[in-house]
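Next come the chains, spelled out residue by residue.
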Amino acid sequence: MSADQGGGTRTIRTDYLARVEGEGAMTVKIRGDEVEQVGLEIYEPPRFFEAFLKGRSFREAPDITARICGICPVAYMTSAFNAMEDALGIDPGPRVGALRRLMYCGEWVESHALHVFLLHAPDFLGFDSAWTMAREHREMVEAGLKIKKAGNDLLRVVGGRAIHPVNVRVGGFYRAPGRDQLDALVGRLEEARELATGAVEWVAGLPFPEFEQDYEFVALRDPDRYAIEDGRLVSGSGLDLAPDQFEQHFEERHVEHSTALHSLMRDGGTYFLGPMARYSLNREQLSPVAREAADRAGLGPECRNPFRSIVVRAVEILYALDEALRLISAYEPPESAAVEAEPRAGTGHGWSEAPRGMLWHRYRLEDDGSIAEARIVPPTSQNQPRIEQDLRAFVQPRVGLDDERLQWECEQAIRNYDPCISCSAHFLKLTVDRS
Amino acid sequence: MSAGAAPPKLAVWKFASCDGCQLSLLDFEQELIALPDQIEVAYFLEATKGTIEGPYDLSLVEGSITTPADRERIREVRRQSARLVTIGACATSGGIQALRNFADVDDFISTVYAEPGYISTLEDSTAISANVPVDFELQGCPVDRHQLFEVISAFLNRRRPAIPSYSVCVECKRAGNVCVTVAHGTPCLGPVTQAGCGAICPSCDRGCYGCFGPAEAPNAPSLSRQLSGLGVEDVDIVRLYRTFHADREPFRSEGIAHER
């Protein structure tokens, strides 16, 4: 994991990052007291989704792209049907929209709970897994698993299955759940909301390294609600974009150490996606319960310490559970579970807030509704350059730490982003070949 | 396992995949905490950075083989594993990424990446069983967590897993569903697809799309005649068979038979 190559150079390397989704490696090279090079390498084998989507029907895009990621399939399905409905000029209406938001809340709960309790919390307390952590913090791990289960139950009822839901289609759902089915979830969701309130307090008490950065936060915003399933893309420096303007402001570059493409703003700057960006840009739209918990946790109006993203994630779990309960109590089954979508030629753009940040899709369709071109930009490839920048800034004042400690903290710094390497490795496409 | 003996060692490996099948293991929820009482989690990177060297009593393998390095790695995993069980469509069939097997992979690479020279990949995405012998294959995209639980307990207790190989139709009847094909003319792969999901698609008025892969001895040509009779065009019949188990027989041949 570490080697002194002479000349005062040492390399800290983790060949297989643990407790992240997918396969990546980390390298930090230090010469003397200077950080010379950092890299988050993504070597997850490429799967070529954008290529084999060509020729498939527009109707298949949600089910096929769901398979990019088993942790956040609803994000893929949502960005896909948003893009297809844009291309086809259809709008399933507010009742289907509310049901989609409800399902997405389930995914936020499930994915965030996995990350907070099983993947990230052990870092702060010096454990190598949730199992070893459970020996001393059993109650909290059990609470986390209960919260996660509530999210999965919600996905099963609305989506038909927790991983790769089957009830989702372009235009709406195959079958809308009955009131009674949703009401049956209320008890479990209320219990989970109670547990999540305690969890925010618990994670707020974890020890956090001093580390604040000047991030360019980027997240969706919706005038009426904390953006999840759609919105406009806003940034701390004043961007305000519709989905079809994304490519004018962001670009991807292919670099040698990664099967994911790096994404940057057109001016070459990095940016930050995910819970901390959403919270810092849209905090006022959280429900009172979630906002008060954030206040008690000391989060303030914005959060710039990525190690505290675990607190923001816990606040978002609480919000998603609270929002799910609100949506269930206001639920009116749509008159029709879906609007019919007739194929036509066109281009559509769509996005949504995956648990780990904004996920963008674009499709060009032929007359018969088959896909002529697909482009997908997942959150982790957008965060990857920012992760590397964090590593560099984080390591520099800590070069005096021994290798083992430094490696531990660097891995933790990567996990701050809840990177989904399976997601990021497959697809991305450059518009221009710069070779 | 006799009293005082070391608990069996479990390893979980990932190849080209979406992580969803491994996640099913973490979806055991309350049973998850108790797992280390029964079995030593010796290698499971998605969940723990603590690793214990092989050999392993049971290896669960997710994902398909798509790169030269992974082809070597799966051989090493096989050497280290007393029992090797594949979990999910990628590991048992090559997965959705096996769609490359029907195209020229060089075209695929240049579609996605600007600098094809950086990408090392094999021409085909193959099932684990095409690379090394496997002891059991658990189908599903993703696998069903109850079936996964059954597979692990069966191997711990040295018996064969009780995983039915009949079709989704059996489960669908048992669920009391009205047949979506007979009643509504909805195309459905249920008759040729292995049970295990709980007939979840027909249960929400949708035709099965085959994510659990072929059942034992399915009659795909007969189903295709039925689909054609419903007015399903060949291009859509090909799409139906050629998705999550595109390269597994008989879905593979049936897809090819309907290609123009």
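Residues numbered from 1 in each chain as written. Chains lettered and ligands numbered in written order. Predicted model: local features only at pLDDT ≥ 70, side-chain atom pairs only at ≥ 80, totals over all residues. Heavy atoms only, no water.

Participant: Can you break down the nonpolar core residue by residue, with the values?
Facilitator: Among the nonpolar cores identified, the biggest contains 191 residues, and Tyr-363 of chain A together with Leu-60 of chain B are the most heavily contacted of them. Each of domain 1 (9–156) and domain 2 (168–257) of chain B accounts for three or more of the residues forming this core. Within the second largest apolar cluster, 17 residues are counted, among which are Phe-15, Tyr-56, Ile-65 and Ile-74 of chain B. (Core = buried A, V, L, I, M, F, W, Y, C linked by side-chain atoms within 4.5 Å. Buried < 20%, exposed > 50% of the residue type's maximum accessible area, 1.4 Å probe, protein only. Domains from an automatic or database assignment.)

Participant: Tell me what's going on with the sheet that holds strand β4 (residues 81–87) of chain B, and back it up with residues and numbers.
Facilitator: All names here are of chain B. In spatial order, the strands read β2-β1-β3-β4-β5; together these five strands make up an open sheet with parallel pairing. Single-partner strands in this sheet number two, and they are β2 (40–44) and β5 (136–138). Each strand of the sheet is rotated relative to its neighbour by a mean of 25 degrees, with strand direction disregarded. The strands touched by helix α3 (residues 68–80) are β1 (9–14), β3 (56–62) and β4; relative to β4, the strand with the most contacts, the crossing angle is about 130 degrees. (Pairing = 2+ DSSP bridges. Helix = DSSP H or I, 4+ residues; strand = E, 2+ residues; numbered from the N terminus. Axes fitted to C-alpha atoms, helices over the stretch in contact; angles between N-to-C directions. Contact = heavy atoms within 4.5 Å.)

Participant: Explain the packing of aromatic side chains to me, and be specific about the residues and the numbers.
Facilitator: In this structure the tally under the stated criterion is 20 aromatic pairs over all chains. On the basis of an interplanar angle of 40 degrees and a centroid distance of 6.3 Å, the ring pair of Trp-131 of chain A and Phe-44 of chain B is categorised as tilted. Highlighted residues: Trp-131 of chain A in helix α5 (residues 130–159) and Phe-44 of chain B in strand β2, drawn from two different chains. Each member of the pair Trp-131 of chain A and Phe-44 of chain B is classed as buried. Judged by centre distance (6.2 Å) and plane angle (80 degrees), the ring pair of Phe-211 of chain A and Phe-307 of chain A falls under edge-to-face. (Phe/Tyr/Trp six-rings, centres within 6.5 Å; stacked < 30°, edge-to-face > 60°.)

Participant: Describe the interface of chain A and chain B, with residues and values.
Facilitator: Each side of the interface is counted separately: chain A has 75 residues, and chain B has 61 residues. For the pairing of chain A and chain B, the buried interface totals around 5,800 Å² over both sides, and the portion due to carbon and sulfur atoms is 61%. The three residues of chain A that bury the most area against chain B are Phe-48, Trp-131 and His-254 of chain A, which together make up 14% of that side's buried surface. Applying the counting criterion to the chain A and chain B interface returns five salt bridges. Its salt-bridge partner being Arg-206 of chain B, residue Asp-63 of chain A comes within 2.5 Å of it at the nearest N-O pair. Seen at the junction of chain A and chain B, the total is 23 residue pairs in polar contact (both at pLDDT 80 or more). Here the side of chain A that touches chain B gets twelve residues from one element, more than from any other, and that element is α5 of chain A. For the side of chain A that touches chain B, the class distribution of residues is 33 nonpolar, 15 polar and 27 charged. (Buried area = accessible area lost by both parts, 1.4 Å probe. Salt bridge = Lys/Arg side-chain N within 4 Å of Asp/Glu carboxyl O. Polar contact = N/O pair within 3.5 Å; in protein donor to acceptor, adjacent residues only side chain to side chain. Nonpolar A, V, L, I, M, F, W, Y, C, P; charged D, E, K, R; others polar.)

Participant: Tell me about the sheet that holds strand β9 (residues 240–241) of chain A, and please be specific about residues and values.
Facilitator: All names here are of chain A. The strand order across the open sheet built from three strands is β7-β8-β9, with neighbouring strands paired in antiparallel fashion. Each having just a single partner strand, β7 (218–221) and β9 make up the two edges of the open sheet. Note: β7 against strand β8 (residues 232–235), four bridges, orientation antiparallel. For Val-218, the partnering residue across the bridge sits in β8 and is Ser-235. Contacts from helix α9 (residues 275–282) reach β7 and β8, with the element oriented near 55 degrees to β7.

Participant: Can you lay out the domain arrangement of chain B for me, pointing to particular residues and giving the numbers?
Facilitator: Residues and elements named next belong to chain B. Taken domain by domain, chain B holds domain 1 (9–156) and domain 2 (168–257). Put simply, the middle of domain 1 and the middle of domain 2, counted by C-alpha atoms, are 25 Å apart. Every contact between the two is made by 18 residues of domain 1 and, on the other side, 16 residues of domain 2. Roughly 1,400 Å² is buried in total at the junction of domain 1 and domain 2, and carbon and sulfur atoms are behind 52% of that figure. Counting the surface domain 1 buries against domain 2, the share from its top three residues, Ser-93, Phe-102 and Gln-139, is 43%. The interface formed by domain 1 and domain 2 includes one salt bridge. In this structure, the salt-bridge partner of Arg-248 is Glu-137, at a minimum N-O distance of 3.1 Å. The interface formed by domain 1 and domain 2 includes seven residue pairs in polar contact (both at pLDDT 80 or more). Top element by residues in the side of domain 1 that touches domain 2 is helix α4 (residues 89–93). It accounts for three residues. Residue classes in the side of domain 1 that touches domain 2 are distributed as eight nonpolar, eight polar and two charged.

Participant: I'd love a proper account of the environment of Gln-389 of chain A, names of residues and values included.
Facilitator: Residue and element names in this part refer to chain A. With respect to the helices, strands and loops of the structure, Gln-389 is situated in helix α12 (residues 379–395). Classification of Gln-389 by relative accessible area gives partly exposed; the value is 36%. Counting along the chain gives 176 residues from Gln-389 to Gln-213, while the straight-line C-alpha distance between them is 9.8 Å.

Participant: Tell me what's going on with the environment of Thr-347 of chain A, and back it up with residues and numbers.
Facilitator: All names here are of chain A. Note that Thr-347 resides in strand β12 (residues 346–354). Looking at Thr-347, the relative accessible area reads 38%, which means it is partly exposed. Between the C-alpha atom of Thr-347 and that of Ala-227, which follows or precedes it by 120 residues, the distance is 24 Å. Apart from the residues within four sequence positions on either side, Thr-347 is in contact with Asp-86, Ala-87, Arg-362, Tyr-363 and Arg-364.

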